[in-house]
Amino acid sequence: MRGAVIHAPGDIRFETLQDPKILKPTDAIIRTAVTCVCGSDLWPYRGAEPTDAAHPMGHEYVGFVEEVGSAVTAVKPGQLVVGSFATSDNTCANCRNGFQSSCLNVEFMSTCQADYVRIPNAQGTLVATDGVPDEEFWPGLLAVSDVMGTGWWAAEAAEVKPGSTAVVVGDGAVGLCAVIAAKELGAERIIAMSRHESRQKLAREFGATDIVTERGEEGAARIKELTGGIGADSVLECVGTAQSMSQALHATRPGGNVGFVGVPHEVGIDGQELFFSHVGLRGGPAPVRRYLPDLIDRVLAGAIDPGKVFDLTLPLDQVAEGYKAMDERRAIKTLLTP
């Protein structure tokens, strides 16, 4: 088969790779229907995370089951399935508590920008659709496998409630999906922080009521100004930088909550400042599996359309251009078709 391999910062190649095989009874092999490039893939692409050796890339996927291990009964060959970037048995204590991304047997996907993918923990990870939905729904289902589920987790972690004010820090695919989540959870006012016109337009389409272009302390001050000097009830941090985390904490009212889902890079939090802020802080890798059945239903019912975050579609063999377009901010998110 063929798949994307990173060799060094800025160096993505589409290469011939070994076909995946069933290694454990709990594995499945899927044939990729659609996959994509994630904003977090840009960290190694930009050199912010080391690439010590060449390795495959990709952790988002929708595909057709080709083969299953002997312990897999939840899905069968021929079905279209959606899964999480964090695989889980969905039976351990952490999974039962709703934190499948902390499953005692978790494995993080990293080979999905390819024709075929081995899915560990397939029994607990994969969710089959009822029949094969029209291809128009595939982008939305693909978004559910990570960015929509992650945006939903940001909203839940920040405790977005009906009638509340929510702020979304970050206008990438996760941030835009977090706007959808905040609206679905009933936020009355949703303030999207964005400097890019096309992303502002999509944020408003998804439910944002206000746009703030300022960043850092100026951005936090603007949020305070819009909320009577108090701050927002819920702030959804969807970037992962020191500036975005500081901005999120300072934009939250005492007693409010920050949900942080951007993978942290050089983020430090002052304990004294957090202590006296009375701000709650929760985040981590999204437990996407918890949300899959509900989000799949919402997509197929037309209640949400997170697939709109894909504003560039390329053949899988042009994956390097997909990375480049996102790195240069010519695209929000690149969808790849085998």
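Structure: see above.
Here goes a summary of the coordinates provided. (Residues numbered from 1 in each chain as written. Predicted model: local features only at pLDDT ≥ 70, side-chain atom pairs only at ≥ 80, totals over all residues. Heavy atoms only, no water.)

1. Some points on the pattern of salt bridges
Our working definition: Any carboxyl oxygen of Asp or Glu within 4 Å of a side-chain nitrogen of Lys or Arg constitutes a salt bridge here. Counting from the N terminus, the helices are DSSP H or I runs at least four residues long and the strands are E runs at least two residues long. The cut-offs for exposure are 20% and 50% of the maximum accessible area for each residue type, with area from a 1.4 Å probe on protein chains only; residues under the lower value are buried, those over the upper are exposed, and the others partly exposed.
All chains considered together, the criterion is met by 18 salt bridges. With its nearest N and O atoms 2.9 Å apart, the salt bridge here joins Lys333 to Glu60. Highlighted residues: Lys333 in the loop between helix H12 (319–327) and strand E18 (334–337) and Glu60 in the loop between strand E4 (55–56) and strand E5 (61–68), separated in sequence by 273 residues. For the pair shown, Lys333 and Glu60 are each scored as buried. Among the salt bridges present, the one from Asp171 reaches Arg329, with a minimum N-O distance of 3.3 Å. Here Asp171, found in the loop between strand E11 (165–169) and helix H6 (173–184), pairs with Arg329, found in the loop between H12 and E18; they are 158 residues apart in sequence, far enough to count as distant. Given the relative accessible area of 10%, Asp171 is considered buried. Residue class for Arg329 comes out partly exposed when judged on its relative accessible area of 40%.

2. Re the sheet that holds strand E2 (residues 11–16)
Note the cut-off: When DSSP finds two or more bridges between a pair of strands, those strands are recorded as paired.
The antiparallel open sheet is built from 3 strands, whose spatial order is E2-E1-E4. For this open sheet the edge positions go to E2 and E4, each flanked by a neighbour on one side alone. Judged from the 2 bridges that link them, strand E1 (residues 2–8) and E4 form a sheet pairing that is antiparallel. Each bridged residue has a counterpart across the sheet, and for Ile6 the counterpart in E4 is His55.

3. Here we look at the pairing of strand E14 (residues 232–237)
Operational definition: By definition, the crossover connecting two strands over a helix is right-handed if that path, from the first strand to the second, turns clockwise as seen with the strands pointing away from the viewer.
Buried residues dominate E14, accounting for 5 of its 6 residues. Bridge count between E11 and E14: 4 bridges; the pairing is parallel. Looking across to E14, one finds that Val169 is bridged to Glu237. Inspection of the sheet shows E14 paired to strand E15 (residues 252–260) by 5 bridges, in the parallel sense. From the neighbouring strand, Val235 faces E15, where its bridge partner is Val258. Each parallel crossover has a hand, and the one from E14 via helix H9 (residues 242–250) to E15 is right-handed.

4. Quick look at a negative patch on the surface
Inclusion rule: Patch definition: residues above 30% relative accessible area lacking any salt bridge, with like charges linked at up to 9 Å and the nonpolar side chains Val, Leu, Ile, Met, Phe, Trp and Tyr linked at up to 5 Å. Surface accessibility in these figures is a Shrake-Rupley result with a 1.4 Å probe; residues are shielded only by whichever protein chains are displayed. None of His or the chain ends enter the tally, which takes Lys and Arg as positive and Asp and Glu as negative. To locate a charge, take NZ of a lysine, CZ of an arginine, CG of an aspartate or CD of a glutamate.
A surface patch of negative charge is lined by Asp134, Glu135, Glu136 and Asp305. Mapping Glu135 onto the fold places it in the loop between strand E10 (127–128) and helix H4 (138–144).

5. A word on the packing of helix H8 (residues 216–226) against H9
Spelled out, the test is: Angles shown run from 0 to 180 degrees and are taken between the N-to-C directions of axes, each axis being a line fitted to C-alpha atoms and, for helices, limited to the stretch in contact. When an angle is under 35 degrees it counts as roughly parallel; over 145 it counts as roughly antiparallel; between 65 and 115 it counts as roughly perpendicular; any other value is oblique. Crossing handedness: left-handed means the near helix sits turned counterclockwise from the far one by under a right angle, and right-handed means the same turn made clockwise. Whether two residues touch is decided by their heavy atoms; if any such pair falls within 4.5 Å, the residues are in contact. Only Asp, Glu, Lys and Arg are considered charged, only Ala, Val, Leu, Ile, Met, Phe, Trp, Tyr, Cys and Pro nonpolar, and every remaining residue, Gly among them, polar.
Contact geometry of H8 with H9 gives a least axis separation of 8 Å together with a crossing angle of 20°. Judged by the angle between their axes, H8 and H9 are roughly parallel. Both H8 and H9 take part in a crossing whose hand is right-handed. Here H8 contributes Gly216, Glu217, Ala220 and Lys224 to the contact with H9, which in turn contributes Gln243, Ser246, Gln247 and His250. Of the residues in the contact of H8 with H9, the class split is 1 nonpolar, 5 polar and 2 charged.

6. So, the nonpolar core
As a reminder of what qualifies: The set of buried Ala, Val, Leu, Ile, Met, Phe, Trp, Tyr and Cys residues whose side-chain atoms join them within 4.5 Å is what this entry labels a nonpolar core.
Formed by 57 residues in total, the largest nonpolar core has its most connected members in Val62, Leu141, Met148, Leu236 and Cys238. Counting residues per element, this core draws most heavily on H6, at 9 residues. With near-sequence residues (within four places) excluded, Val62 lies in contact with Thr32, Ala33, Val34, Leu80, Val81, Val82, Trp138, Leu141 and Leu142. Listed in part, the 17 residues of the second largest apolar core include Val167, Val169, Ile191 and Ile223.

7. So, the sheet that holds strand E12 (residues 189–193)
On the basis of which strands lie adjacent, the open sheet formed by 6 strands has the order E13-E12-E11-E14-E15-E16 and parallel pairing. Two strands lie at the open edges of the sheet, namely strand E13 (210–212) and strand E16 (280–283), each paired on one side alone. Adjacent strand axes in the sheet meet at a mean angle of 20° when their direction is disregarded. Where E15 and E16 come together, 4 bridges link them in parallel fashion. Bridge pairing in E16 links Gly259 to Arg282. Packed on one face of the sheet, H9 meets E11, E12, E14, E15 and E16 and runs near 145° to E15.

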